[in-house]
Amino acid sequence: MPQNRIDIVRKPTVILLLLTTIGCNFTAIAFDVADLEKLEALNVCKGCDLSGANLSRADLTRADLSEANLKGADMRYADLSRANLKGADLSGVDLSRAILRYADLTSANLSGANLSGANLRWADFSGADLKGVGLRDAKIDDVIFCKTLMTWGEDNSGCKK
């Protein structure tokens, strides 16, 4: 009988220990609310922390970021699905693991940005500057590259004929 009590005590302790260990290995991604409000009010937020923010078209108040200045912002894990980023300055922005499906990045400046692991499916990069962009492990299926400046030159692989 005493052995059963020990087992009952050990199991919750082991489970708690496992959950604590697992929880410590996750990186917290939480944007700064003040930075988000600044972006919404001014369409400018250089160096802001917008990591994990929902800036998708599903949230219509935040979907139009055309001509926005987000130079050097932290936008890791942000959801920018269907967002309008035409002409936006995203130079040096960390967009690793961000979701940019169907985003309009026409004529956007992404020079030096980090797009590693980002979901870029069906995004439009026509006329965009992607010189020095990190694309390792990015999902680039059906991306539109037309008159897109890449480190290796102009990419016209997605131009409609």
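Turning our eyes to something else, we now look at the overall build of the protein. If you tally the helices and strands in the protein, you get two helices and three strands. Each helix and strand of the protein, ordered N terminal to C terminal, gives the series α-α-β-β-β. Taken across its 161 residues, the protein has 35% of its residues classed as buried. Sequence-distant contacts, at least 24 apart, represent 14% of the contacts inside the protein between residues at least 6 apart.

Right, let's get into the packing of aromatic side chains. Using the criterion set out here, one finds two aromatic pairs in the structure. Above the ring of Tyr102, the side-chain terminus of Arg82 is found at 4.3 Å from the ring centroid.

Spatially, the three strands line up as an open sheet ordered E1-E2-E3, and their pairing is mixed. Every other strand in the sheet has two partners, leaving strand E1 (129-130) and strand E3 (153-155) as the edge strands with one partner each. Where E1 meets strand E2 (residues 148-150), two bridges bridge the pair, whose relative direction is parallel. Bridging across to E2, Leu130 finds its partner in Met150.

Cut-off values and rules
Residues numbered from 1 in each chain as written. Predicted model: local features only at pLDDT ≥ 70, side-chain atom pairs only at ≥ 80, totals over all residues. Heavy atoms only, no water. Helix = DSSP H or I, 4+ residues; strand = E, 2+ residues; numbered from the N terminus. Buried < 20%, exposed > 50% of the residue type's maximum accessible area, 1.4 Å probe, protein only. Contact = heavy atoms within 4.5 Å. Phe/Tyr/Trp six-rings, centres within 6.5 Å; stacked < 30°, edge-to-face > 60°. Lys NZ or Arg CZ within 6 Å of the ring centre and 35° of its normal. Pairing = 2+ DSSP bridges.

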